[in-house]
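Breakdown of the fold
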Amino acid sequence: MRTETLPFVPLAASFTDVLLVMSEGKLGMVVVGNKDHVEGIITDGDLRRALLRNKDIAQLSVAGMMTANPIMIDGDEFVSQVEVLMMEKKITNVLVGKNRKLDGIYQIYTQ
């Protein structure tokens with residue numbers, strides 16, 4: 001689980017800001033909000049889908065690209081259970097925490 005240098009962007013971030021933070025974070029996603037209050041997430045897939053819908057990046061908003069209710073698991077969950085969930089949902093990142101307060105990000109790569 002990654003707990004340090006998590007990639008955060010504010011709700012008012014620009015498309016360019018999201019792209020830069022996502023690239024710097026090296027997780028293929030950003031958390032919208034902060035450690036004490038997660039408002040959502042944006043994955044690299046969300047960015048691609050947003051660009052397919054609207055090629056003018058000036059028209060793209062964080063609120064329009066993000067998943068407002070991302071999957072968040074309790075830190076006490078067994079890793080094996082989290083991996084099963086991620087495989088079922090076909091996702092590679094899960095937020096770890098409670099009540100929109102973030103403790104870290106769990107990531108796996110699938111083949």
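A few words on the sheet that holds strand β1 (residues 8–9). Spatially, 3 strands are ordered β1-β2-β3 in an open sheet, and the strand pairing comes out mixed. This sheet does not close on itself; its edge strands, each paired only once, are β1 and β3 (37–43). The sheet contact formed by strand β2 (residues 29–34) and β3 spans 6 bridges and is antiparallel. Bridging across to β3, Val-31 finds its partner in Ile-41.

Taken in spatial order, the 3 strands line up as β4-β5-β6 in an open sheet, and their pairing is mixed. If you trace the sheet from one side to the other, it starts and ends with β4 (72–73) and β6 (101–107), each paired once. Bridge analysis of β4 against strand β5 (residues 93–98) gives 2 bridges, and the strand direction is parallel. When the sheet's bridge partners are listed, Ile-73 is paired in β5 with Val-96. Contacts between helix α4 (residues 79–89) and the sheet are confined to β4, β5 and β6, with β6 contributing the most and set at about 75° to the helix.

We note that Asn-99 has phi near 50°; this positive angle belongs to a residue other than glycine. Turning to its location among the elements, Asn-99 is positioned in the loop between β5 and β6. The phi torsion at Arg-100 lies on the positive side, around 65°, for a residue other than glycine.

Cut-offs used in this document
Residue positions are given per chain, counted from 1 along the sequence in the order it is written. Local features in a predicted model are, by the rule used here, given only for residues with pLDDT of at least 70; side-chain atom pairs are given and counted only at 80 or more, and totals for whole chains, interfaces and linings are based on all residues. No hydrogens and no water enter the side-chain calculation; it runs on all heavy atoms of the structure. Between any two strands, pairing holds if DSSP finds at least two bridges. A run of H or I in DSSP becomes a helix once it reaches four residues, and a run of E becomes a strand once it reaches two; helices and strands are each numbered from the N terminus. In what follows, a contact means two residues having at least one pair of non-hydrogen atoms within 4.5 Å. Note on geometry: axes are C-alpha line fits, over the in-contact stretch for helices, and angles between N-to-C directions span 0 to 180 degrees.

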